[in-house]
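# Per-entry structural report
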Amino acid sequence: MKIVIIGTGYVGLVSGACFAEFGWDVTCIDKNSERIKSLEKGIMPIYEPGLEDLVKKNVKEGRLSFSIDYAPHVEDADIIFIAVGTPSRRGDGYADLTFVYEAAKEIALHLKKYTVIVDKSTVPVGTARSVEKIIRAENPAAVFDVASNPEFLREGSAINDFMRPDRIVLGVENDRAKEMLKELYRPLYLIETPMVMTGLETAELIKYASNAFLATKISFINEIANLCEKVGASVKDVSKGMGLDKRIGPKFLHAGPGYGGSCFPKDVSALVNIFHDNGMTAKILESVINVNDSQKSLMVEKIRDALGGSEYNKTISFLGLTFKPETDDMREAPSLKIISALINGNAVIHTTDPQGMTEAKKLLPTSVKYFDDLYETCKGADAVVVITEWNQYRAIDLGKLKKVMKGNIFIDLRNIYNKELVEKAGFIYSAVGMPVSRQVREQN
C-alpha cells in the first residue's frame, strides 16, 4: 500500500516514519524545500527521542522518502494523510485551517484513482466534510472518500505512542475506506489495540474532548495547589490520594506552572469556539483557560515572594525552558511569560535547557543569558528556579550548587525535590502547593 503524508511537521514526520516502520511505502510531502533537503540529509526539523534513527533507518531501507512535488506521488497513492499545521488564529482562538484547505485543493488536482484522504491534523468538527466539498469542487471526476484519524502523540514519547497506542480512532463512513484503513493499522492488531470506528464529526470531537479533559485535570490540580498553600496542606499528597482512586487516576494531577505546548492551549480555545458557534457556553473550559493563565502570574508572585518581595537587580537562574522535557518545543511554554515578567521587574535572567535554547532565543528578551552547563547557569545567582523537569535536573549536586550561588533560594515549580533534603543543604525551599518554608514566612 502506498501512503502519502502531506506535511513534515511533528505529526506528519512521526506518522510517516512509523508507517514506514510498519512496512508501508511512505512519501512525506512538504512545500518547504529547505526542510525537504535537510530531511534527505538526515537532519530533523524537530527534536523527538528516537525519531532521527527511525527516519534514517527507513530511508536507507527504501520505505520512506521526501518530496516537494504532489503530482507523481498523489496520483499513485492509496491513502493520503493531511498532517499540516492548524495553529490558533490570531485574535479569536479559532483553529486556522488555511493549510488544510490548501492541501485539499492541491491533492484534488492530482487524483487519478480511488484514494482515501485522511485528516490527521487536529481540526474542528465539520472539517472533513469541508475537505470533501473542496476536493469535489476542484475535481468533480475524482473517486475518493474522506476520513478522520486524529493523532494522540505526546511530545517526548511520540514514537512509542504511535507504535503502542491506547486506541486508534477512525471516523469513516464507507466500507471500502474502512477496510483500507483497517489494513493500514493491521500491524497493531497483534497487540490488540482498541479501534474506535465512528462517524466523521465524532472522531473530530474525540480529539478535542480528550485534550480538553487532560487540560482540565491540570488546571484543577493547580487550583487545589493554590488552596493547599493557604491551608498548609501538601498538593503532592492530595494528588496521590486522589490518583489512587481508579476512577480518577494519577496522570495529569501534577501541580506546576500551568500547561503549554502546541496542543492543549490551542485545542481548548478551539473547542470553546466550537461551543460558541453552536450557541453554547463552555463554562468549564473557559475556567480552565483562565486558571491556566493566572497560574503563570502566580508563579511570578511565588518567585518574587521567595526573593523577599522584589526581583529588582536579582539574578535568577532558570533550569529548563521548554513546556515539558524531551522536546525542543517552546510554544506557550510557561517560562516565556514568567521570565518576561521578571525581566520587566529588572531581574537578571540566566537560563539553560538541553534542547530549547535555540528556539527560546527567538522568543525571549535579548537580555536573557544562556549557558550550556547547569552550574555555570547558577553561578552568582540569588535564586534558582526549576521550571522544566528534565532528568538532568532531578539529581542536582546541592552542595556544589550552594557553593556557586550567591543566594540560597531554591524554587521548585515542578515539585520534583524533597523539601527536607533541599533545606538540609542550606537552601530556602519553595514549591507549588506545598506548605511554605519557615524561612520564607520569617523573611516576609
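Below or above, wherever it landed, is the structure these notes cover. It should be emphasised that the depicted structure is a prediction, and the values quoted were computed from it without experimental measurement.

Note: strands within a sheet are paired through backbone hydrogen bonds, in either parallel or antiparallel orientation. Read across the open sheet, the six strands follow the order S11-S10-S9-S12-S13-S14; overall the sheet is parallel. The open sheet is flanked by strand S11 (369-370) and strand S14 (428-431), the only strands paired with a single partner. Its contacts with the sheet put helix H12 (residues 283-306) on strand S9 (315-319), strand S12 (383-386), strand S13 (409-412) and S14, and the angle it makes with S13 is roughly 160 degrees.

For the rest of this paragraph, the subject is the packing of aromatic side chains. Any aromatic ring pair is given by two values, namely how distant the centres are and how the planes are angled relative to each other. For the structure shown, the criterion picks out 10 aromatic pairs. When the ring of Phe19 is compared with that of Phe162, the centres are 5.0 Å apart and the planes differ by 90 degrees; the resulting orientation is edge-to-face. In this pair, Phe19 is assigned in helix H1 (residues 10-22) and Phe162 in helix H7 (residues 158-163), connecting sequence segments 143 residues apart. Relative accessible area serves as the criterion here: at 0%, Phe19 is assigned to the buried category. These aromatic residues form a ring-pair network of at least three members: Phe19, Phe22, Phe81, Phe162 and Tyr185. A cation over an aromatic ring shows up here: Lys400 above the ring of Tyr375, its NZ or CZ 4.3 Å from the ring centre.

All right, on to the pattern of salt bridges then. When the charged atoms of two side chains with opposite charge come close together, those side chains can pair. A full pass over the atoms with the stated rule returns 25 salt bridges. Across the pair Asp92 and Arg89 runs a salt bridge whose closest N-O atoms are separated by 2.7 Å. Between Asp161 and Arg154 there is a salt bridge whose closest N-O contact spans 2.7 Å. Here the salt bridges do not stand alone but share partners, grouping Arg129, Glu173 and Glu201 into one network.

Backbone geometry places Glu192, a non-glycine residue, at a positive phi of 55 degrees. One can find Glu192 in the loop between helix H8 (175-184) and strand S8 (195-198). Residues other than glycine seldom take positive phi values, yet Asn415 does so here, at roughly 55 degrees. Within the secondary structure layout, Asn415 lies in the loop between S13 and helix H17 (419-424).

Looking at the element boundaries, His350 is found in strand S10 (residues 348-352). Classification of His350 by relative accessible area gives buried; the value is 9%. Reaching out from His350, the side chain makes a polar contact with the backbone oxygen of Thr377 at a distance of 3.2 Å.

Quick look at the environment of Tyr189 now. With respect to the helices and strands, Tyr189 occurs in the loop between H8 and S8. Classification of Tyr189 as partly exposed rests on a relative accessible area of 37%. Of the polar contacts made by the side chain of Tyr189, one reaches the backbone oxygen of Lys182; its length is 3.0 Å.

Along the chain, the position of Tyr47 falls in the loop between helix H2 (33-40) and helix H3 (51-60). In this structure Tyr47 touches Glu326, Thr327, Asp328 and Gln355, once residues within four positions along its chain are discounted. Polar side-chain contacts of Tyr47 include one of 3.4 Å to the side chain of Glu326.

Every buried residue of H3 is listed here: Leu51, Leu54, Val55 and Asn58. Buried residues of H3, seen end-on, are gathered within an arc of 100 degrees and therefore sit on one face of the element. Exposed and facing more than 90 degrees away from the buried side of H3 are Asp53 and Lys60. Downstream of H3 by one or two residues, Gly62 has phi in the positive range, about 80 degrees.

Procedures and definitions
Residues numbered from 1 in each chain as written. Predicted model: local features only at pLDDT ≥ 70, side-chain atom pairs only at ≥ 80, totals over all residues. Heavy atoms only, no water. Pairing = 2+ DSSP bridges. Helix = DSSP H or I, 4+ residues; strand = E, 2+ residues; numbered from the N terminus. Contact = heavy atoms within 4.5 Å. Axes fitted to C-alpha atoms, helices over the stretch in contact; angles between N-to-C directions. Phe/Tyr/Trp six-rings, centres within 6.5 Å; stacked < 30°, edge-to-face > 60°. Buried < 20%, exposed > 50% of the residue type's maximum accessible area, 1.4 Å probe, protein only. Lys NZ or Arg CZ within 6 Å of the ring centre and 35° of its normal. Salt bridge = Lys/Arg side-chain N within 4 Å of Asp/Glu carboxyl O. Polar contact = N/O pair within 3.5 Å; in protein donor to acceptor, adjacent residues only side chain to side chain. Arc of directions from axis to C-beta.

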